[in-house]
Amino acid sequence: MAAMNPILRLRRAFRSIGADAKQADDAAGAVDDYSYSRREADLRHAQMMAEMREHMADQTNRILLGMFVLLSIAVGVILAFVA
């Protein structure tokens, strides 16, 4: 019984509070239209994680580039004083 479809459980809940079969079907259908399924939620989560990884990679590249530029400037300054 615990593995029952959530929409069927909603339909049963609507029936238990006095809705007739058509009203319960309509209400459960409306909720189903505006809610994510587990698969849709998992896909959305995977998409958000991929976007976050891409954003983090961009930031890491910028930090590394900035460090390389600063190191290059520092080496140039040191070489200017040594020469």
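All of these numbers come straight from a predicted model, not from anything done at the bench. (Residues numbered from 1 in each chain as written. Predicted model: local features only at pLDDT ≥ 70, side-chain atom pairs only at ≥ 80, totals over all residues. Heavy atoms only, no water.)

## As for the confidence of the model for the protein chain
Phase 1: For the protein chain, per-residue confidence averages 85 on the pLDDT scale, and residues scoring 70 or more make up 95% of the total.
Phase 2: Confidence, read as mean pLDDT per element, is least for helix α1 (residues 6-16) in the protein chain (80) and greatest for helix α3 (residues 38-82) (92). (pLDDT = per-residue confidence, 0-100. Helix = DSSP H or I, 4+ residues; strand = E, 2+ residues; numbered from the N terminus.)

## As for the pattern of salt bridges
Phase 1: For the structure shown, the criterion picks out two salt bridges.
Phase 2: For the salt bridge of arginine 11 with aspartate 25, the shortest nitrogen-to-oxygen distance reads 2.3 Å. Residue arginine 11 is located in helix α1, and its partner aspartate 25 is located in helix α2 (residues 21-33); the two are separated by 14 residues in the primary sequence.
Phase 3: You can call arginine 11 partly exposed: its relative accessible area is 25%.
Phase 4: By relative accessible area, aspartate 25 is classed as partly exposed at 38%. (Salt bridge = Lys/Arg side-chain N within 4 Å of Asp/Glu carboxyl O. Buried < 20%, exposed > 50% of the residue type's maximum accessible area, 1.4 Å probe, protein only.)

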